[in-house]
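Residues per chain, in single letters:
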Amino acid sequence: MSSVQETIFAIISKEAGIDPGKISLDSTLKDLEIQSLEAVQIIFEIEDHYKITLPDRDPNFDTESVRGLVEAVERLLAEQSSGAAAPSPQA
Amino acid sequence: MRRVAITGMGAICALGHDAAATWAAMCAGRSAIGPISNIPTELLNIKVAAEVRGFDPLAHFDSRRLVLLDRVSQFALIAAREAVAQSGLDFGSDMRGERTACIIGTGIGGENSHNEQSSRFYGDKNPRLHPLTIVRVMANAPACHLGMEFGLTGPSFAVVSACASANHAMAQAFEMVRSGKVDFAVTGGTEACITVPTIKAWEAMRVTADDTCRPFCKQRRGMVLGEGAGVFVFEEYEHALARGATILAEFAGAGMSADAGDIVLPSETGAAKALSAALADAGLNKDDVGYINAHGTGTPANDPTESKAIRRVFGAHAGALCVSSTKSMHGHALGAAGAIELVAAIGALRDGIIPPTANFIDVDPECDLDYVPNVAREKPVRAALSNSFAFGGLNAVVAITRAS
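What counts, and where the lines are drawn
- Residues numbered from 1 in each chain as written.
- Chains lettered and ligands numbered in written order.
- Predicted model: local features only at pLDDT ≥ 70, side-chain atom pairs only at ≥ 80, totals over all residues.
- Heavy atoms only, no water.
- Helix = DSSP H or I, 4+ residues; strand = E, 2+ residues; numbered from the N terminus.
- Rg over C-alpha atoms; globule rule 2.2 N^0.38 Å.
- Buried < 20%, exposed > 50% of the residue type's maximum accessible area, 1.4 Å probe, protein only.
- Contact = heavy atoms within 4.5 Å.
- Buried area = accessible area lost by both parts, 1.4 Å probe.
- Polar contact = N/O pair within 3.5 Å; in protein donor to acceptor, adjacent residues only side chain to side chain.
- Pairing = 2+ DSSP bridges.
- Axes fitted to C-alpha atoms, helices over the stretch in contact; angles between N-to-C directions.
- 1 Å grid on protein atoms, 1.4 Å probe; cavity = no way out; pocket = protein on both sides within 12 Å on 5 of 7 lines; lining within 4 Å.
- Points joined across faces, edges and corners; volume = space filled by probe spheres on them.
- Nonpolar A, V, L, I, M, F, W, Y, C, P; charged D, E, K, R; others polar.
- Core = buried A, V, L, I, M, F, W, Y, C linked by side-chain atoms within 4.5 Å.
- Domains from an automatic or database assignment.

1. Some points on the overall build of chain B
Stage number 1. A count of helical and extended segments in chain B gives 13 helices and 14 strands.
Stage number 2. In summary, chain B has a C-alpha radius of gyration of 20 Å against a globular reference of 22 Å for 404 residues, a match within 12%.
Stage number 3. Within chain B, buried positions represent 61% of all 404 residues.
Stage number 4. When contacts within chain B are restricted to residue pairs at least 6 apart in sequence, those whose partners lie at least 24 apart make up 77%.

If you want it as structure tokens, here you go:
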């Protein structure tokens with residue numbers, strides 16, 4: 001498991017109050033019965049942890065899997081380390 | 001039971017600085033949503049809002065008065081001056097002020113002052129805050145300033161229920177006039193919370209659109225913040241008739257309910273309950289109603305839920321209703337929304353013109369009513385409803401009828 005994946009699983013588990021063992025890369029937030037307000041909290045915790053800004057509707061957390069979330073975060077982190085990312089307000 | 005007339009109307013919002021300009025813009029289907037110009041935008045991802053533009057507070061208040069007034073109170077006073085002037089009532093004579101309630105809704109209160117002083121404290125590390133911070137920030141300040149300006153010494157307070165604040169406030173004022181507790185009320189809602197931190201907080205919730213507000217459309221991307229105020233004069237009906245006042249409409253009833261479910265997700269049954277209660281309170285049949293000014297925020301959750309609630313209550317008549325969201329033009333003014341939208345409902349009754357839902361592209365298949373896309377429509381209307389459904393699941397629907 002990549003460290004990003006591990007961190008995201010831990011955040012989802014904490015924010016939604018679900019057993020991390022139940023989360024897989026293929027599960028959607030819908031499968032995990034995560035409500036929209038929990039989803040925005042998960043996004044916030046991920047953004048705050050990595051100091052990144054996830055785009056508003058990409059990935060679409062309602063229909064896409066946790067894999068989409070992990071990949072979006074890994075992509076943003078890669079962009080950030082290559083210096084391509086726009087400065088975020090936290091920076 | 002006593003009846004309640006609306007004899008004065010005032011408004012200020014992105015569409016105009018008075019009720020007449022606001023109504024004219026609504027009829028023209030003109031959206032006032034645009035790039036944010038009153039505050040710095042470099043930290044914002046959402047760079048659009050429906051701001052009150054070209055507004056010079058010093059044109060309305062001298063500097064010594066202004067130091068007491070957050071923008072939220074300035075808006076309320078400007079709308080109230082228009083409403084009171086139109087009513088022709090002098091609250092200073094015949095002990096009228098004593099028989100007048102002043103009930104003003106706001107979702108947030110003095111957010112601009114709160115933000116300025118927080119920024120001074122945390123940002124500038126300046127521990128000395130303005131001595132009038134408390135009285136500018138408090139959510140009851142707009143009601144207090146109206147009371148002081150017009151000498152209203154009856155029941156006066158603020159009503160806070162997020163996006164339903166104005167409708168809840170007007171419902172309360174209506175009950176007081178109807179019951180005989182007072183003979184007049186100055187009531188409505190006001191909001192001024194377009195600040196950088198407030199927008200950042202909305203951004204974090206991921207319910208605001210970055211382009212514009214397209215209620216009931218497949219392409220909608222969320223709500224757009226607005227600001228402003230709407231204030232009305234309510235008066236016991238026979239009193240208004242006896243003095244020959246122009247009765248803009250009859251405030252016929254109100255229906256309120258709480259979902260007691262989710263803090264953000266709206267409930268079809270909760271909304272339907274408030275709609276049914278408003279009809280019953282006003283003594284209206286379903287087919288009396290010709291127009292509903294929808295809550296219509298343009299969020300994914302609100303629009304289908306509200307449409308289903310309307311269909312649930314109105315059944316076969318739902319298809320004959322005109323349902324439009326004027327938030328597509330003046331944005332979502334939160335605690336002022338219901339008051340600005342009552343201007344639309346009154347206009348529909350008086351002029352027989354249904355204001356459109358602007359920025360309309362393709363209808364969402366989940367929304368199956370007549371949303372009056374983009375262009376106003378001529379249609380005589382005898383009764384209208386105006387919906388407000390707040391975060392927290394608090395619902396308030398008001399019913400007005402044409403003056404008879």
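Further notes follow.
2. Comments concerning the interface of chain B and chain A
Stage number 1. If you look at the interface, chain B gives 11 residues, while chain A gives 12 residues.
Stage number 2. On the chain B side of the contact with chain A, R206, R221 and L265 of chain B bury the most area, a combined 53% of that side's loss.
Stage number 3. Remark: the boundary between chain B and chain A carries three residue pairs in polar contact (both at pLDDT 80 or more).

3. Here's the deal with the environment of L132 of chain B
Residues and elements named next belong to chain B.
Stage number 1. Note that L132 resides in the loop between α4 (111-123) and α5 (133-137).
Stage number 2. Here the alpha-carbon distance between L132 and S113, two residues 19 residues apart in the chain, equals 9.3 Å.
Stage number 3. Leaving out residues up to four positions away in the same chain, L132 has contacts with V67 and L68.

4. So, the sheet that holds strand β1 (residues 4-13) of chain B
All names here are of chain B.
Stage number 1. If you walk across this open sheet you meet the 10 strands as β5-β4-β6-β7-β1-β8-β14-β13-β9-β10, and the pairing is mixed. The open sheet has two free edges, formed respectively by β5 (156-159) and β10 (322-324), since each of these has just one partner strand. Between one strand and the next, the sheet's axes are offset by a mean angle of 25 degrees, whatever the strand orientation.
Stage number 2. Along the sheet, helix α6 (residues 141-150) makes contact with β4 (100-105), β5, β6 (184-191) and β7 (228-236), crossing β4 at roughly 150 degrees.

5. Points about empty space enclosed by the protein
Residue and element names in this part refer to chain B.
Stage number 1. Here the structure, examined in full by the defined rule, presents one cavity of 30 Å³ or more.
Stage number 2. The volume enclosed by the largest cavity comes to roughly 40 Å³.
Stage number 3. Taken together, I46, V48, A49, I199, W202, T208 and L225 form the lining of the largest cavity.
Stage number 4. Across the lining of the largest cavity, the residue classes tally to six nonpolar, one polar and no charged.

6. Some details on the nonpolar core
All names here are of chain B.
Stage number 1. Ranked by internal contacts, the top residues of the largest apolar core, which has 75 residues, are I6, F232, F234, F251, L342, I346 and I400.
Stage number 2. Take this core: its biggest share by element is nine residues, from helix α13 (residues 337-351).
Stage number 3. The residues that make up this core include at least three from each of domain 1 (4-242) and domain 2 (253-401).
Stage number 4. Setting aside its immediate chain neighbours within four residues, I6 contacts F232, V233, F234, T246, I247, L248, A249, F251, L342, I346 and I400.

From the geometry alone we can't say anything about function, so treat these as descriptive.
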